[in-house]
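Fold and geometry: a report
What follows is the residue order along each chain.
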Amino acid sequence: MIQKGLSRRDMLKIAGATGGAAALGGFGGLRPGTIRAQEGAYEGVTIRALGLAGTAWNPAVEQFAQDFQEQTGATVEWDFQPWEQTMPKLQADLAAGTPQYDIFCNDIEFQYTIYPSLLPLNDLIEAAGYDMEGFFEPVYKYGEGVAGGQEGVRYGLPIRVGASWVFYRTDLISEFPTTWAEYDEVLAAHTNDTTYGLGFAGVTAQLTKLFLARYWSRGAALLSPDWQPQINGDDGVAALTQLYDEMKAYSPPGILGWDNPDASNAFLNGDVAVLEGWASFILPMLDDPDASQIVGNWDVAPYPENGTGNFTQHNFAIFNTSQNQQAAFDYIAYCTGLETAPALLNEFNEESPRKTVWLEPATLEAQPYLAGVVDSYDVGKPFTPGLPQWLELFIGLGEGLSSAMSEQSSPQDALNDVADSWAELIEQAPPDWEYSE
């Protein structure tokens, strides 16, 4: 079913949807690494965890929980919830005064709101000798010192990362362009009687990542250091105008009604030469001859000029009210460690945050397209890092973009409205540290 619009509830779902590959191949028989806790160290302990449902890491952390129990004696009980239920669950649990959860795992943005209830992990990381090497760059840059503006404080460890991918037809495009001007030339060259140049999901929530790839490639920030919206400046108008012009000239009619499966199917059918979107909706089918007309004729490339859609990372965090803090840390260290990362990527088909694992020769031999994603992830940015009101701003931007793309308002007017709403939201609770991307 093609969606013509999204409710707030749908926006919440999609904003937190995983953007990573649901099927990155599979290396059977991989075994997880070493658990740091001694045998039987946590006999009788129960660790309760709240996490996002429907992700590729769900079965991974359940398997790791079994491994952890076999060695340490601790039981890990997972409560997986839809994305839009996570914050209500957290807030109700914290308000009750007797929290039932020890840990939770979802988008890092949740930390911006509830960090006073979380346990800083720096000392535990150091004491355990936890290996912090080999992550994608945004894990370092945005993983600490963001929540509450507390320099150097880390509240979470990531289990997965994700951002929008750019797929292209190798039978049509021999070398992918590195500038936006060349990108438009390629799109124009493959818009004809048989194909269109560009496909994407055009429903409201999905426009944000497309716009941000063009906006951030210009070196612009969403907010000034004192939290004033910059989105309606010249760079914002130019980025939105570019996206609108590309849609009008090189995309199929009705694309603003497409959701992710529709866009994926257009690429699989050979109807578009380039697809911008989440990998999870298409990777499992690209080389399936029953589903794809382009088997063996596709690859992945970075956005031109270091563009990137919003970078997501799902982080484990520990509540400071937990009575099992060391056991909880040992479990999340096991789940997110360098030793378990190969199984996470290749056996459980989740996008490990460990860049080094993506570049292993065996991994690239089986999944050579991963090399085209690494550079994009290294320049990734989260949406309005550190801002507790991030979700309201995200939704407002999507609505403004949709208004301009559907010709209900000009790019300038649409972004002026977005900036005004952002300013009002931030003014309700302005942070006392400087904004930085």
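Above this text you will find the structure in question.
Residues numbered from 1 in each chain as written. Predicted model: local features only at pLDDT ≥ 70, side-chain atom pairs only at ≥ 80, totals over all residues. Heavy atoms only, no water.

**Overview of the overall build of the chain**
Secondary structure summary: the chain contains 17 helices and nine strands in total. Whereas a compact globule of 437 residues would reach a radius of gyration of roughly 22 Å, the chain reaches 22 Å, a difference of no more than 12%. The C-alpha extent of the chain, read off along each of the three principal axes, is 65 × 50 × 35 Å. Counting only residues that meet the buried cut, the chain has 59% of its 437 residues in that class. The long-range share in the chain, meaning contacts at least 24 apart out of those at least 6 apart in sequence, stands at 79%. Counting every atom, the chain has about 16,800 Å² of accessible surface; 46% of that belongs to carbon and sulfur. (Helix = DSSP H or I, 4+ residues; strand = E, 2+ residues; numbered from the N terminus. Rg over C-alpha atoms; globule rule 2.2 N^0.38 Å. Buried < 20%, exposed > 50% of the residue type's maximum accessible area, 1.4 Å probe, protein only. Contact = heavy atoms within 4.5 Å. Areas by Shrake-Rupley, 256 points an atom, 1.4 Å probe, with all protein chains shown as cover.)

**Quick word on the pairing of strand E9 (residues 312-318)**
By the criterion of burial, E9 is predominantly enclosed, with seven of the seven residues buried. Every second residue of E9 is oriented toward a common face, with Thr312, His314, Phe316 and Ile318 on one face and Gln313, Asn315 and Ala317 on the other, all of them buried. In terms of strand pairing, strand E3 (residues 103-107) meets E9 through five bridges, oriented antiparallel. In the strand pairing of E9, Cys105 is matched with Phe316. As judged from the six bridges shared by strand E4 (residues 156-162) and E9, these two strands associate in the antiparallel manner. Bridged to Pro158 within E9 is Asn315. (Pairing = 2+ DSSP bridges.)

**Overview of the pattern of salt bridges**
Within the structure shown, the criterion is met by eleven salt bridges. The partner of Glu77 in a salt bridge is Arg48, and the shortest N-O contact between them spans 3.6 Å. Of the two residues, Glu77 is situated in strand E2 (residues 75-81) and Arg48 in strand E1 (residues 46-52); the sequence distance between them amounts to 29 residues. For Glu77, a relative accessible area of 39% gives the class partly exposed. In this structure, Arg160 and Glu350 form a salt bridge, with 3.7 Å as the shortest nitrogen-oxygen distance. (Salt bridge = Lys/Arg side-chain N within 4 Å of Asp/Glu carboxyl O.)

**Brief notes about the pairing of strand E5 (residues 165-169)**
Look at any regular strand and the pattern is simple: side chains alternate between the two faces of the sheet. Among the five residues of E5, five are classified as buried, and the element is accordingly described as predominantly covered. The side-chain alternation of E5 yields two buried faces, one formed by Trp165, Phe167 and Arg169 and the other by Val166 and Tyr168. Here E5 runs beside strand E7 (residues 272-277); their pairing, made up of four bridges, is antiparallel. Paired with Val166 across the strands is Glu276, a residue of E7.

**Some thoughts on the state of the cysteines**
Under the criterion given, the structure shown has zero disulfides. Lacking any disulfide linkage, Cys105 is separated from the closest cysteine sulfur, that of Cys335, by 8.5 Å. Using a relative accessible area of 0% as the deciding quantity, one classes Cys105 as buried. A residue is classified by how much of its surface remains accessible, and Cys335, at 1% relative accessible area, is buried. (Disulfide = S-S within 2.5 Å.)

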